[in-house]
Each structure stands twice: as C-alpha cells, then as structure tokens.
Amino acid sequence: MKRRIFKILNLALFFIYNRIMLLFLRLDREKVLFLSESHFNLDGNLKAVFDSLDSKYEKNVYVKHDRRQRDKLSRKLRMWRDLTDSKYIILDDFFSLTSAMKLRKGQELVQLWHGCGAFKKFGFSRMNTGDNIQNINKGYRKYTKVAVTSETVRPCFAEAFDVPEKCVKAVGSPRTDMFFDRNETAEARERVYKAFPDLRDKKVVLVAPTYRGRKVEDAHYDFEQLGLDFLAGCLGNKYHIITKWHPALYSNMMRGICESPVLSGHDEKNAKITDVSAYGDINDLLTVADVLVTDFSSVIFDYFLLDKPVVYFIYDRENYQENRGLYFDFKDYLYGEVAFDRKSLAAAIKAEKTCKSSRHAFKEKFMKSCDGRSTERVIEWVFGGDNE
C-alpha cells in the first residue's frame, strides 16, 4: 500500500510539473533522452542507437535496474525536465511516467522494445487473456514510433500498445546487429570470459527463462521444477551452467520477495553453476552459450541468429498459455527440442539438436528485418535522415 501511494503521488507531482514547465521550456530539437528501468547500465537497443547517433545531439541517459528503486530529488527533477523538453525520448520497455506526460507537438516518443518477435502477450493484448489484466499503462498509446523485427508482428505490437499500425515499422532490432559482425561477437565473447574465466574450455549451458506472475512486481519461478543440482549431476564437469534470471525475477530475489534456487555444494564431478544475472546485456552471454535453455522468453529470437541449439523447458505450458497467452501457436516458435521435466531437459541439452528444418519459417515470420543494419534503419526512421 505504501508503494502504491508513493507511485500515485509521484505521477501526480510529475503531471503538475510537466504541465507548468511546458509553459516555460522550449522543445530542444537536438536533445535525446534514453530511458530504461530494467537495466543496470545502458545496453541493448538503447546502447546500439546511443553509440551510433551523431555527436551533434545532446544525449542524456536515465537508467536503473528496478523501477521500485528511489531516486535522489536532483536526479528525478533532471529526468522530469528531460522528459518535458527533449525532442526525442527513446524507450526499450514500460516506463510509467509516460502515462502522466503531455506529448508535445513534434515530440517523438519511440519504443525500441527489448524483445524481438512477438511471443507472450503484453500491454493491451492481455486484457482478453486468462490473466484479465485491466489496469494497462495509458502511456503506451502515446508512442509515435515502434520498431519491430518483421512485418508479421506489426499487428501484435499495434494491439499491445493500442496505436495505429502505421506507427509500427519493421526496421529490425539494433541490438542484433552485433551478431552479423564477427569482430563484435568475438569482443562480446572476450568480455564474458574476462568476467567469468571458468567458462573457457567448457560447454556452456545458458539457463534464461522468463518469470511467472501476473505483474513484474509478482515475478517468481518454480526453481524446483528446473532442478539445477540434478542437471549439474546429469551433465557432468565438461559443462558449465550459467543462469540469467529475468530482471523482474532477479530484482525480487534480491529483495527477498521470492525464493532463490537452493543449491548444494559443488561436486567436482558435476557441472559448475554460476549465476550471471548481474551481468549486463544478455546478448553477450548468448555468444558463449553452446546451448540455451529457456521457455516463453523473447531471448529465442536473438539466439536464433547464432544458429545454435535451444531447448524449451515448459513444465507449465498449458497453464501459461491459458493465463498469459501467446500471439501465435506455440509450434510456430519452435526451432529446438521441447522438455517438460528434468530428465528430458538433461537429455535434450546433451543431444544439441538444431532442428534445421524449422529455422527458415521461423526467420521469415519473426526475424526477417534483422540483417545487421537495424541500427542504421532505426536512426534514419526516427531522426529523419538528420544524422549526417
């Protein structure tokens, strides 16, 4: 209740600030604000655009890993001002203050959604699912541009954000450009090996499922179903398991709101288990993974570009589909093995099947606009060719 009151008060105060300052602050046409409340540092789509955008722009960054984290007053006021007078506001996820801001004439509120493709339903799409979510962020409707990774998913995002489909364009995902550059992928691998030297010369299994729960504040996961200790014993010491929990789930684990996986001491005969959730961009981790274990997470789309084995561990498939809902038939998302329990999961990881026959259809449906030039197209589209 205390957090809800604080949230409402914060929105109300920003609403008042925004309306008053509109009278005094002119729109700065070369000012860009990059916003995220789900990252430790600027990364993903935001970083790709930030790094490539012409230096003539004033680039401001507001990033924190948990939206429940309180800001100092000076930082909050600076961000409020930037929201009010920046010509370009670039997001990669939900940002609550957009519901209280008045979008100015000529101002661009751009959504570079953190997930490629269109997997589990979100936004206004969840109003007609089993979860029956009704309190949807009205700020979604203010988006002037939304970048997606294929023509097929444009209607999905238009529905999710309740915006005209003409505002949604298949220009690709800037964060995926690195996978088309050998030097960048090699540098990414070295960054990971530097952070986690034990991964060298091991078969790396990246476990990265999405969270369970109606809202991110309720994020949890049934770690008992996954059985990390069991997996470590089955795979043996030539493997190294790394876990990258969803940011919402990881935040709740850190706050003690939900359980963390209980692990026994490491046995030298078993695979080592390392949690890498605090590491930045998951795409770096994908470059060192030999096998990805996930479920209904959009990480399957990024990982597809690396042409490596994936295993879908879906112990609760029927319940998840009924309550959360998917945009397409689950079979459309498959280009790897499916496991429903620990034993079949361990077997599928060892098998390392790439399911080549399913990959062309997957690419055409979900990732056709990702070709290594997404950042270039996004900048051209958003900044109107003014990045010379």
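Described below are features of the structure shown in this document. (Residues numbered from 1 in each chain as written. Predicted model: local features only at pLDDT ≥ 70, side-chain atom pairs only at ≥ 80, totals over all residues. Heavy atoms only, no water.)

This next bit is on the overall build of the protein chain. Each helix and strand in the protein chain was counted, giving 14 helices and 12 strands. Against the 2.2 N^0.38 benchmark of 21 Å for 388 residues, the protein chain shows a C-alpha radius of gyration of 21 Å, consistent with a compact globule. When the backbone C-alpha atoms are referred to their principal axes, the protein chain occupies close to 65 × 50 × 40 Å. Scored against the burial criterion, the 388 residues of the protein chain give a buried share of 55%. (Helix = DSSP H or I, 4+ residues; strand = E, 2+ residues; numbered from the N terminus. Rg over C-alpha atoms; globule rule 2.2 N^0.38 Å. Buried < 20%, exposed > 50% of the residue type's maximum accessible area, 1.4 Å probe, protein only.)

So, on to the nonpolar core. Ranked by internal contacts, the top residues of the largest apolar core, which has 81 residues, are Leu83 and Phe157. Among all residues touching Leu83, those that are not within four sequence positions of it are Phe14, Leu33, Leu35, Ile89, Phe95, Leu97, Met101 and Gln107. In terms of nonpolar packing, the next biggest core, distinct from the first, is built from 29 residues, Leu226, Ala248, Ala339 and Ala348 among them. (Core = buried A, V, L, I, M, F, W, Y, C linked by side-chain atoms within 4.5 Å. Contact = heavy atoms within 4.5 Å.)

As enumerated under the stated definition, the model contains 26 salt bridges in all. As a salt-bridge pair, Glu165 and Arg154 come within 3.9 Å of each other at their nearest N and O atoms. In this pair, Glu165 sits in the loop between α4 (154-161) and β6 (168-170) while Arg154 sits in helix α4, placing the two residues 11 residues apart along the sequence. Residue Glu165 is classed as partly exposed on the basis of its relative accessible area of 36%. Under the relative-accessibility criterion, Arg154 is labelled buried at 17%. As a salt-bridge pair, Glu190 and Arg200 come within 2.8 Å of each other at their nearest N and O atoms. Taken together, the positions of Glu190 in helix α5 (residues 182-195) and Arg200 in the loop between α5 and β7 (203-207) put the pair 10 residues apart, joining distant regions of the chain. Given the relative accessible area of 38%, Arg200 is considered partly exposed. (Salt bridge = Lys/Arg side-chain N within 4 Å of Asp/Glu carboxyl O.)

All right, on to empty space enclosed by the protein then. Counted under the stated rule, the structure contains one cavity of 30 Å³ or more. By volume, the largest cavity amounts to about 80 Å³. In terms of lining residues, the largest cavity is bounded by 13 residues, among which Trp113, Gly115, Ala147, Val148 and Thr149 are the most central. Its residues assigned to classes, the lining of the largest cavity comprises seven nonpolar, six polar and no charged. (1 Å grid on protein atoms, 1.4 Å probe; cavity = no way out; pocket = protein on both sides within 12 Å on 5 of 7 lines; lining within 4 Å. Points joined across faces, edges and corners; volume = space filled by probe spheres on them. Nonpolar A, V, L, I, M, F, W, Y, C, P; charged D, E, K, R; others polar.)

To continue, consider the layout of surface pockets. The gaps left among the atoms become clear once a water-sized probe is rolled over them. Of the pockets and cavities examined, the second largest pocket occupies roughly 430 Å³. Of all the elements in the fold, those that place two or more residues in the lining of the second largest pocket are α2 (44-52) and α5. The element best represented in the lining of the second largest pocket is α2, accounting for five residues. In the lining of the second largest pocket, the residues fall into five nonpolar, five polar and 10 charged.

With that settled, the discussion passes to the side chain of Asp281. Turning to its location among the elements, Asp281 is positioned in the loop between β9 (272-275) and α9 (282-288). Exposure remark for Asp281: the relative accessible area of 15% places this residue in the buried category. Of note is the side chain of Asp281, whose polar atom sits 3.0 Å from the backbone nitrogen of Asn283. Dropping the residues within four chain positions of it, Asp281 is found in contact with Asp43, Gly44 and Arg175. (Polar contact = N/O pair within 3.5 Å; in protein donor to acceptor, adjacent residues only side chain to side chain.)

Once that is clear, we can look at the sheet that holds β9. Read from one edge to the other, the open sheet built from six strands follows the order β9-β8-β7-β10-β11-β12, with strand pairing classed as parallel. A single partner strand is all that each edge strand has here, and the edge strands are β9 and β12 (337-339). When the angles between neighbouring strand axes are averaged without regard to direction, this sheet yields 20°. Sheet topology note: the β7/strand β10 (residues 291-294) ladder contains three bridges and is parallel. Directly across from Leu206, in β10, lies its bridge partner Leu292. Lying on the sheet, helix α12 (residues 342-351) is in contact with β7, β8 (239-243), β10, β11 (310-313) and β12; it crosses β11 at an angle near 170°. (Pairing = 2+ DSSP bridges. Axes fitted to C-alpha atoms, helices over the stretch in contact; angles between N-to-C directions.)

Moving on: the pairing of strand β4 (residues 108-111). A regular strand carries its side chains on alternate faces of the sheet. Residues Glu108 and Val110 of β4 are buried on one face, and the alternating residues Leu109 and Gln111, pointing to the opposite face, are buried as well. Across two bridges, β4 lies against strand β5 (residues 145-148) in parallel orientation. Residue Val110 lies in a different strand from β5, and its bridge partner there is Lys145.

Bringing the packing of aromatic side chains into the picture now. The full count for this structure, using the stated rule, is 41 aromatic pairs. Residues Phe122 and Phe161 carry aromatic rings whose centres are separated by 5.5 Å and whose planes lie at 65° to one another, so their mutual orientation is edge-to-face. Taken together, the residues span a long stretch of sequence, with Phe122 in the loop between β4 and β5 and Phe161 in helix α4 at a distance of 39 residues. We classify Phe161 as buried; its relative accessible area is 0%. When the ring of Phe296 is compared with that of Phe330, the centres are 5.8 Å apart and the planes differ by 55°; the resulting orientation is tilted. You can see Phe296 sitting in the loop between β10 and α10 (299-304) and its partner Phe330 sitting in the loop between α11 (317-323) and β12, a full 34 residues away along the chain. You can call Phe296 buried: its relative accessible area is 0%. In textbook terms, an aromatic cluster arises when at least three aromatic residues are bridged by ring pairs, as seen for Phe119, Phe296, Phe301, Phe304, Tyr312, Tyr320, Phe328, Phe330, Tyr333, Tyr335, Phe362 and Phe366. (Phe/Tyr/Trp six-rings, centres within 6.5 Å; stacked < 30°, edge-to-face > 60°.)

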